[in-house]
Amino acid sequence: MFSDKIQIGLIKQLNREYESSQLYLSMASWVEKKGFEGICEFLYDHSHEERMHMLKLIRYINKRGGNVVIDNVCIKKITYGSLKELFKKLFEHEKKISNKINLLVELSLKEKDFFTYNFLQWYVEEQIEEEALIRMVLDKMELIGEDRGGLYLLDRDIKNIHIKK
Ligand code: FEO
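Residues numbered from 1 in each chain as written. Predicted model: local features only at pLDDT ≥ 70, side-chain atom pairs only at ≥ 80, totals over all residues. Heavy atoms only, no water.

Engineer: What is the right way to look at the packing of helix α1 (residues 4-34) against helix α4 (residues 114-144) in this model?
Structural biologist: If you want to describe how two helices pack, look at the angle between their axes and the distance between the axes. Remark: α1 packs on α4, axes separated minimally by 14 Å, with the N-to-C direction vectors making an angle of 25 degrees. The angle between the axes of α1 and α4 places the two elements in the roughly parallel class. At the point where α1 passes α4, the crossing takes the left-handed sense. When α1 is examined against α4, the residues I6, L10, E17 and Y24 are found in contact with a partner set consisting of T116, L120, Y123 and I134. Its residues assigned to classes, the contact of α1 with α4 comprises 6 nonpolar, 1 polar and 1 charged. (Axes fitted to C-alpha atoms, helices over the stretch in contact; angles between N-to-C directions. Helix = DSSP H or I, 4+ residues; strand = E, 2+ residues; numbered from the N terminus. Parallel < 35°, antiparallel > 145°, perpendicular 65-115°, else oblique. Left-handed = near helix turned anticlockwise from the far one by under 90°. Contact = heavy atoms within 4.5 Å. Nonpolar A, V, L, I, M, F, W, Y, C, P; charged D, E, K, R; others polar.)

Shown next as structure tokens:
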């Protein structure tokens, strides 16, 4: 059964995915202006992925007979002190998203909506990957510190991650 509680929870989540897409997009634009080609491609690409996460939720809600509402999302801050600060913010953001997915999984069990429980497993896997990816970039930035040569190489490596996907 597709309850109102589940529907409201999924609509909130699709809007969070939309917000994520806009956040990655604004970050990509900021990074592009700083000249980091690889990192900006990674972020533009990820913005697209987040939009796909949103679409997946929209299609699922419609399939279950629900009604989708899309909020006006506005990302105001488009400037960061450093790349490290930007990735720290992304990591916090992804952890927040993971927490919301976990709460939705819990709700689907409480409501005995096993279709939604099954649907959400894809998001659980995705969040594990996303957190690991951003953490890996942050770890590398920690190692590099202020070394500009190191940042140049990291930018090149991230471009390769982007191509391999
Ligand atoms: Fe769709 Fe990065 O969470």
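Once the structure has been displayed, the description carries forward.
Engineer: Explanation requested: the side chain of N15 in the structure shown.
Structural biologist: Mapped onto the fold, N15 is located in helix α1. Residue N15 is classed as buried on the basis of its relative accessible area of 6%. Within the structure, the side chain of N15 is placed 3.0 Å from the backbone oxygen of V69, a separation counted as a polar contact. (Buried < 20%, exposed > 50% of the residue type's maximum accessible area, 1.4 Å probe, protein only. Polar contact = N/O pair within 3.5 Å; in protein donor to acceptor, adjacent residues only side chain to side chain.)

Engineer: Just to check I follow, could you spell out the packing of aromatic side chains for this structure?
Structural biologist: The geometry of two aromatic rings is summed up by the distance between their centres and the angle between their planes. All chains considered together, the criterion is met by 6 aromatic pairs. Seen from their ring centres, W30 and Y80 are 5.3 Å apart, and the 80 degrees between their planes marks the pair as edge-to-face. Taken as a pair, W30 in helix α1 and Y80 in the loop between α2 (37-63) and α3 (83-110) lie far apart in primary sequence, 50 residues in all. Neither W30 nor Y80 differs from the other in exposure class; each is buried. Their ring planes at 10 degrees and their centres at 4.0 Å tell us that Y60 and F119 sit as a pair that is stacked. Of this pair, Y60 sits in helix α2 while F119 sits in helix α4; the two residues are 59 residues apart in sequence, bridging distant segments of the chain. An aromatic cluster is present here, built from F2, Y60, F119, W122 and Y123 joined pairwise through their rings. The ring of W122 is capped by K56, whose NZ or CZ atom sits 4.5 Å from the centre of that ring. (Phe/Tyr/Trp six-rings, centres within 6.5 Å; stacked < 30°, edge-to-face > 60°. Lys NZ or Arg CZ within 6 Å of the ring centre and 35° of its normal.)

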